[in-house]
Amino acid sequence: MAVEQKKIKHAVVKPGKLFIGGEWRDAVSGKTFETVNPATGDVITHVAEADAPDIDLAVQAARKAFEEGPWGRLTAHDRGRIVWRIGDLIEEHADELAELEVLDTGKPIREARYIDIPMAANCFRYYGGWTTKIEGETIPVAGPFFNYTVREPMGVVGQIIPWNFPLLMAAWKVAPALACGNTVVLKPAEQTPLSALRLGELCQEAGVPDGVVNIVPGFGPTAGAALVKHPEVNKIAFTGEVATGQEIMRNAAETLKPISLELGGKSPNIVFADADLDAAVKGAIMGIYFNQGECCAAGSRLFVQDNIHDEFMEKLVQRARTLRQGDPFDPETQIGALISEEHMNKVMGYIELGRREGAKLVAGGQRLGEKGYFVRPTVFDEVDNAMRIAQEEIFGPVVAVIPFKDVDDVVQKSNAVIYGLAAAVWTRDIKKAHTLARQLKAGTVWINTYNVLDTTSPFGGYKMSGFGRELGRYALDLYTQVKSVWVDLS
Ligand code: ADP
């Protein structure tokens, strides 16, 4: 199970530096931090650690590139070509990027290689296509005036991303920001800086001018907070935990920065008795165990209608127990390691809590091996929706199965959480499916499927899962501001 560095066929792992103004630099403090392979616990390499002075340098570089650089003078066509080219380069380097991602996150190579990396490439291409379609309007105002609107970039955009899909989250943030003509300071998660740094190199190779994309690995309370508070940053986009989102909102208030937040979830996955049960079991397994459950949209509350409970659970537990877990570099592996020892301990703590709360543990519940941070796919049955394991985001391979009677019962329970990121319904009754799609308070509703995402379709949360919509044309609203221009015709 041990993953040795020599297994890396395409990727070169080297100590990471900060990417600021088109140059690779050490941190002002000279400090570095370790990045660890979650599958082994071994240190992969050291990365320069940005703090407030480095963030200031990166923001200055981004400001200069925005105000003076060639970036703002490029035609939309040329800007689009560059953004598209980043996508091409990601695709050309897909094997290498997938390996970096597996090394840094512990996720299975087949997910990194066939989901994360192609989706990241696709995201850049999609937004490359948008540059020439960001249009204003002419407005029929009263009086002898000609009035029109222009969509302008926000300016310098600060982007803070988590560790669960490092390159893909970078793509969701950087691609639309560049398409709209902004310059960017990106802070990857401290656990997973490697693919974002490689993205910096690929941006340069694609022709992104110096200072337009800056990548500054570092910790949240230091580098992250400095970025949020910086007066020269015009917008913050964040994906991460609710508590961090709240802190960011407080810190952004001082400079009245617009922010967009994509936060946690406790998404209901609802299986009715009239569903295709085999499809629903597969969907439930993928809904919770994809990416080890380290997904903000994970289907972590599984509502199963009373009268199919036993049949459904038998199939579910059987599948959960036979998922192939182990070396993330093995192409057969379906579930990898959790991101860190700290996170594994948090997940194990929730498993212990579930037992104490009186839920019935029917699969998993323990670590796999001693080395690395593997936790077995875990199923709790007979969970009450009020238990903490049903209310709090665990962000790991732990599903809470909650029985329900009918539509009213399940809608009430589904919505009885602080979150509202996603939800799913499994039924053959089209009327019931669409009725629930309206009643569920969630930014995404899947019907007879789970976890499908596409660059073209918006993603974001209701309630405390955040605000603002990424992906699709909705992301253009996050990265542009509207100017109204009046011309006197009298
Ligand atoms: P997790 O606990 O799952 O790592 P976080 O929300 O803490 O989730 O982290 C997501 C991202 O937010 C990371 O890049 C992290 O460094 C950053 N972050 C954490 N705290 C802050 C903060 N106070 N201000 C800005 N960014 C932060």
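Residues numbered from 1 in each chain as written. Predicted model: local features only at pLDDT ≥ 70, side-chain atom pairs only at ≥ 80, totals over all residues. Heavy atoms only, no water.

Topic: the domain arrangement of the protein chain
Note the cut-off: Source of the domain bounds: an automatic or database domain assignment. Any two residues whose heavy atoms approach within 4.5 Å are treated as being in contact. Here the buried area means the combined drop in accessible surface, using a 1.4 Å probe, for two parts upon being joined, counting both sides. Two N or O atoms count as a polar contact when they lie within 3.5 Å, although within protein this holds only if one can serve as hydrogen donor and the other as acceptor, and sequence-adjacent residues are included solely when both atoms are side-chain atoms. Working definition: helices are DSSP H or I runs of at least four residues, strands are E runs of at least two. Numbering for both runs from the N terminus. Three classes are used: nonpolar for Ala, Val, Leu, Ile, Met, Phe, Trp, Tyr, Cys and Pro, charged for Asp, Glu, Lys and Arg, and polar for all others, with Gly counted as polar.
Split into domains, the protein chain comes out as domain 1 (5-263 + 466-484) and domain 2 (268-454). Using C-alpha coordinates to define each centre, domain 1 is positioned 30 Å away from domain 2. In this complex, domain 1 contributes 33 residues to the contact, which on the side of domain 2 involves 32 residues. Together domain 1 and domain 2 conceal approximately 2,500 Å² of surface at their shared face, both sides included; 62% is due to carbon and sulfur atoms. Contact with domain 2 buries surface across domain 1, with Pro 38, Arg 110 and Trp 163 losing the most and accounting together for 21% of the total. One can count 8 residue pairs in polar contact (both at pLDDT 80 or more) joining domain 1 with domain 2. Counting only elements with at least two residues in the side of domain 1 that touches domain 2, the list comes to helix H3 (94-105) and helix H4 (109-130). Along the lines of polarity and charge, the residues of the side of domain 1 that touches domain 2 split into 16 nonpolar, 7 polar and 10 charged.

Some points on the sheet that holds strand E19 (residues 444-447)
For clarity, the cut-off: By this definition, two strands are paired if DSSP reports at least two bridges between them. To get an axis, a line is fitted to the C-alpha atoms, and for a helix only the part in contact is used. The angle between two axes follows their N-to-C directions and goes from 0 to 180 degrees.
Within the open sheet, the 7 strands sit side by side as E14-E15-E16-E13-E12-E18-E19. Their pairing is mixed. Looking along the sheet, the strands with just one partner apiece sit at the ends: strand E14 (360-363) and E19. Neighbour-to-neighbour, the strand axes of this sheet turn through a mean angle of 20°, independent of strand direction. Of the strand pairs in this sheet, strand E12 (residues 268-271) and strand E13 (residues 301-305) are connected by 4 bridges, and their pairing is parallel. Bridge assignment links Val 271 to a residue of E13, and that residue is Val 304. Helix-sheet contacts for helix H14 (residues 430-439) involve E12, strand E18 (422-426) and E19, and the interaxial angle to E19 is about 165°.

Description of the packing of helix H2 (residues 76-92) against H4
Selection criterion: Small angles under 35 degrees read as roughly parallel and large ones over 145 as roughly antiparallel, with 65 to 115 read as roughly perpendicular and the rest as oblique. Each helix crossing is assigned a hand: it is left-handed if the near helix lies turned anticlockwise from the far helix by less than a right angle, otherwise right-handed if that turn is clockwise.
Between H2 and H4, the shortest axis-to-axis distance is 7 Å and the interhelical angle comes to 165°. The pairing of H2 with H4 is recorded here as roughly antiparallel in orientation. The way H2 lies across H4 gives a crossing that is left-handed. Mapping the contact onto sequence places Gly 80, Val 83, Trp 84, Ile 86, Gly 87, Asp 88, Ile 90 and Glu 91 in H2 and Ile 117, Ala 120, Ala 121, Phe 124, Arg 125, Tyr 127 and Gly 128 in H4. A class-by-class count of the residues in the contact of H2 with H4 yields 9 nonpolar, 3 polar and 3 charged.

Focus on unusual backbone geometry
Threshold: Think of it in three bands: residues with accessible area under 20% of the maximum for their type are buried, residues over 50% are exposed, and the middle band is partly exposed, with areas taken using a 1.4 Å probe on protein chains only.
Within the chain, Phe 395 stands out as a residue other than glycine whose phi angle is a positive 60°. By secondary structure assignment, the location of Phe 395 is in the loop between helix H12 (388-391) and strand E16 (398-404). Classification of Phe 395 as buried rests on a relative accessible area of 15%. Although it is not a glycine, Leu 471 sits at a positive phi angle of roughly 70°. Secondary-structure assignment places Leu 471 in the loop between strand E21 (466-467) and helix H15 (474-478).

Let's talk about the sheet that holds strand E6 (residues 145-153)
Overall, antiparallel pairing links the 3 strands, which are arranged E5-E6-E22 in an open sheet. Both edges of this open sheet fall to strand E5 (138-139) and strand E22 (480-488), since each of them pairs with a single strand only. Bridge count between E6 and E22: 9 bridges; the pairing is antiparallel. For Asn 147, the partnering residue across the bridge sits in E22 and is Trp 486.

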